[in-house]
Amino acid sequence: MINLRVRSGDGTETVSVAEDGDPLAVAVARALDITAEGFELFVAFPPQPLADAGAKTPRELGVKDGTTLILRFQSDARGAKQGTKARRPRRAPASTLTRTSAASSKARRGRDAENGDGLGKSSSKQDVAEKLIAAFQGGPRDNVSTFLRRASRQAVISQYEIRAGNDRLAAALSGTYTVKRKGEGTAHGVEASVEYTKGSRGAKATDEIKLLSPDALRATLRYLLAVDDPEQRARVEELLRPAKMAEVSAATFWSLAEYCTAAGASIDLDAGLRRLEPAIDWSFLASRRRTKSDKALQAEDNAAAAAALAAERKRKRERKAPKAAAGHAAKSAKMEEQRAADSARAALIAALGGKPALASALAVESIEEAADLDAELVRSRLVGEDGSLSEESADEMAAKLRKAAITLRFQRIINDPELVMRLEQERHGSTPFDLVRLRVPGRVEFLAGELGLEPGRVRAWQTAAKEMCDAHPWMQEYRTVG
């Protein structure tokens, strides 16, 4: 079954038709309760006529679920030319192959409200009852009366289909029906009329159908159940129950009944479905369909909304995560830098005898910065106008700072406390300039052998020490190896 939107001069209605059942024009006419002649179907924009709509099925015409069709009565065109309003042809209600869908009334309610004759004006059940009675007594053809007549007709048709389905099912199970085929037909099926007993008084009813061949019926079942959505599949399974099938598709139901009759003397429609297509899981035929309560449906909607909200929050967190991580890394680096600066200043104050005032006087933040200052500048800053240090004490303090800077830079080059200790104890050197002097041929290999290291590592020390001594020439004055 597919749902189509049919637009005409009376508005837009949604109808359900079978893809492989009657021709499209016939199915639309039955669903809309109009004659199958005197109108044309158009599709697309600008509207293009659907050729052979009266002879081909929706599938053969390429009409898909959700397509919008434009229905134009031929009398509409004649009435327009003559300046008169054409009336929509009607026919008496008859058995339909598909369930007629209720007309959409949203647009009508809007027009009714503007015209002042909407149902919203009815403030009581009595008002509605009076309007309903007036509608069926030939009252005015206003929007409310038209709506009430159409809604009542749809309710009657729905009840008629339910009763007709019950009669078909009872006739099939009891075998009180006859099938008259018209012609030889095709591989897909043959036109036929099915006469069966309806009601308790033995009255006869006739369905004009296309009797499907077993192969066509099998293909139809496969197509209907080829859905992935659980809810949609549950709806399809409900419609494939023989009792429901008898209501919504007489052609499919009688085709199944004929298949079961040909297979054996007794008619078991459920067993016939299983035998027709064993590959399908027919276990749902033996179970009742459980309809969820309004409370359960509301709970599912709430859970889905909560899950969607949680997913959105997670997406926002994930989107902000890289930025937050980068901010955290920058903050950590800044904190580490501050700790290193605080440690360097603390070491400077300790080297100056624990006197922060002297560190402030030098205007530097570390021992190495103080050591790189010119000796005369250090002396002038430490002596000062207040005579806090004598010139001799200032010179001693400058020499002390430079020795401390030499030790720090040597340790940074070697980058291994144990190797620093071995170099000092074994008198291989303890200053950067000692490493520079390893340029004498064979000294690098000798030292590497003594320490158990690769010569390349010792050469890397030598290169770093040379760059440091070139940048700060005063370091060449400090060496411990002759």
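Look up a bit, the structure's there.
Residues numbered from 1 in each chain as written. Predicted model: local features only at pLDDT ≥ 70, side-chain atom pairs only at ≥ 80, totals over all residues. Heavy atoms only, no water.

Novice: An account of the overall build of the protein is needed here, citing residue identities and associated values.
Specialist: Helix and strand counts for the protein come out as 20 helices and 8 strands. Each of the 482 residues in the protein was classed as buried or not, and the buried ones make up 36%. In the protein, the proportion of contacts linking residues at least 24 apart, taken out of those at least 6 apart, comes to 58%. Summed over all atoms, the accessible surface of the protein reaches about 28,800 Å², with 53% contributed by carbon and sulfur. (Helix = DSSP H or I, 4+ residues; strand = E, 2+ residues; numbered from the N terminus. Buried < 20%, exposed > 50% of the residue type's maximum accessible area, 1.4 Å probe, protein only. Contact = heavy atoms within 4.5 Å. Areas by Shrake-Rupley, 256 points an atom, 1.4 Å probe, with all protein chains shown as cover.)

Novice: Summarise the pattern of salt bridges; cite the residues concerned and give the values.
Specialist: Per the stated rule, a full pass over the model turns up 23 salt bridges. D22 serves as the salt-bridge partner of R30, at 3.4 Å between the closest nitrogen and oxygen. Judged by its relative accessible area of 11%, D22 is buried. K56 serves as the salt-bridge partner of D52, at 3.8 Å between the closest nitrogen and oxygen. Look at D52 and you get partly exposed, because its relative accessible area is 45%. The exposure class assigned to K56 is partly exposed, which follows from its relative accessible area of 33%. (Salt bridge = Lys/Arg side-chain N within 4 Å of Asp/Glu carboxyl O.)

Novice: A description of the side chain of S213 should follow, citing residues and the corresponding values.
Specialist: Residue placement: S213 occurs in the loop between β8 (203-212) and α7 (214-224). In this structure S213 touches A187, H188 and G189, once residues within four positions along its chain are discounted.

Novice: Give me the packing of aromatic side chains: which residues, what numbers.
Specialist: Across all of its chains, the model carries 6 aromatic pairs by this definition. Judged by centre distance (5.2 Å) and plane angle (70°), the ring pair of F253 and W254 falls under edge-to-face. Each member of the pair, F253 as well as W254, carries the same accessibility label: buried. Put simply, the rings of Y177, Y196, F253 and W254 pair up and form one aromatic cluster. Geometry around Y223 places R59 over its ring, the cationic atom sitting 4.3 Å from the centre. When the ring centre of F42 is taken as origin, the NZ or CZ atom of R72, which lies over that ring, is 4.6 Å away. (Phe/Tyr/Trp six-rings, centres within 6.5 Å; stacked < 30°, edge-to-face > 60°. Lys NZ or Arg CZ within 6 Å of the ring centre and 35° of its normal.)

Novice: Account for the sheet that holds strand β3 (residues 39-43), with residues named and values stated.
Specialist: Pairing in this open sheet of 5 strands is mixed, and the strands run β2-β1-β5-β3-β4 from one edge to the other. Since the sheet does not close on itself, it has two edges, and those belong to β2 (11-17) and β4 (48-49), each with one partner. Of the pairings in the sheet, the one linking β3 to β4 comprises 2 bridges and is antiparallel in character. If you follow V43 over to β4, its bridge partner there is Q48. (Pairing = 2+ DSSP bridges.)

Novice: Pulling in residues and values, what's your account of helix α11 (residues 269-276)?
Specialist: Along α11, the residues that are buried comprise L269, G272, L273 and L276. Seen along its axis, α11 keeps its buried residues to an arc of 100°; they face one direction. By the N-cap criterion, in which a side-chain oxygen at the helix start approaches the backbone nitrogen of a residue two or three places on, α11 is capped by D268, the distance to D270 being 3.3 Å. (Arc of directions from axis to C-beta. Polar contact = N/O pair within 3.5 Å; in protein donor to acceptor, adjacent residues only side chain to side chain.)

Novice: So what's going on with the packing of helix α16 (residues 391-414) against helix α20 (residues 455-471)? Residues and values would help.
Specialist: With their axes 9 Å apart at the nearest point, α16 and α20 run at an angle of 145° to one another. The hand of the α16/α20 crossing is right-handed. Here R409, R412, I413 and I414 of α16 come into contact with α20, specifically with R457, W461, A464, A465 and M468. Partitioned by chemical class, the residues of the contact of α16 with α20 number 6 nonpolar, no polar and 3 charged. (Axes fitted to C-alpha atoms, helices over the stretch in contact; angles between N-to-C directions. Left-handed = near helix turned anticlockwise from the far one by under 90°. Nonpolar A, V, L, I, M, F, W, Y, C, P; charged D, E, K, R; others polar.)

Novice: Which residues make up the nonpolar core, and what values do they have?
Specialist: L362 and W461 are the most contacted members of the largest nonpolar core, which has 45 residues in total. One finds A172, V236, L276 and L285 within the second-largest nonpolar core, a separate group that totals 37 residues. (Core = buried A, V, L, I, M, F, W, Y, C linked by side-chain atoms within 4.5 Å.)

Novice: Describe in detail the packing of α16 against helix α17 (residues 417-425), supporting the description with residues and values.
Specialist: One can describe the packing of α16 onto α17 by two numbers: an axis separation of 9 Å at closest approach and a directional angle of 120°. In terms of orientation, α16 lies oblique with respect to α17. Considering only the axes of α16 and α17, their crossing is right-handed. The segment α16 lies against α17, with F410, Q411 and I414 engaging L419, V420 and L423. (Parallel < 35°, antiparallel > 145°, perpendicular 65-115°, else oblique.)

Novice: Tell me about the environment of A464, and please be specific about residues and values.
Specialist: Along the chain, A464 falls in helix α20. Placed 51 residues apart in sequence, A464 and I413 show a C-alpha to C-alpha distance of 6.7 Å.

Novice: Which residues make up the pairing of strand β1 (residues 2-8), and what values do they have?
Specialist: Only one face of β1 is covered, namely the face carrying I2, L4, V6 and S8; the face carrying N3, R5 and R7 is uncovered. Here β1 pairs with β2 via 7 bridges, running antiparallel. Residue pairing across strands places R5 opposite T14, the latter belonging to β2.

Novice: Which residues make up the sheet that holds β8, and what are the values?
Specialist: Across the sheet, which stays open at both edges, the 3 strands sit in the order β6-β7-β8 with antiparallel pairing between neighbours. The two strands at the open ends of the sheet, each matched to only one other strand, are β6 (177-181) and β8. Adjacent strand axes in the sheet meet at a mean angle of 25°, parallel and antiparallel pairs treated alike. In this structure, strand β7 (residues 189-198) lies alongside β8, joined through 10 bridges in antiparallel fashion. Residue pairing for β8: S193 is matched across the bridge by E208.

Novice: Could you give an account of the environment of A286, with specific residues and numbers?
Specialist: Tracing the chain through its elements places A286 in the loop between α11 and α12 (294-351). For A286, a relative accessible area of 69% corresponds to the exposed category. A C-alpha to C-alpha distance of 9.7 Å links A286 and R241, two positions 45 residues apart in sequence.

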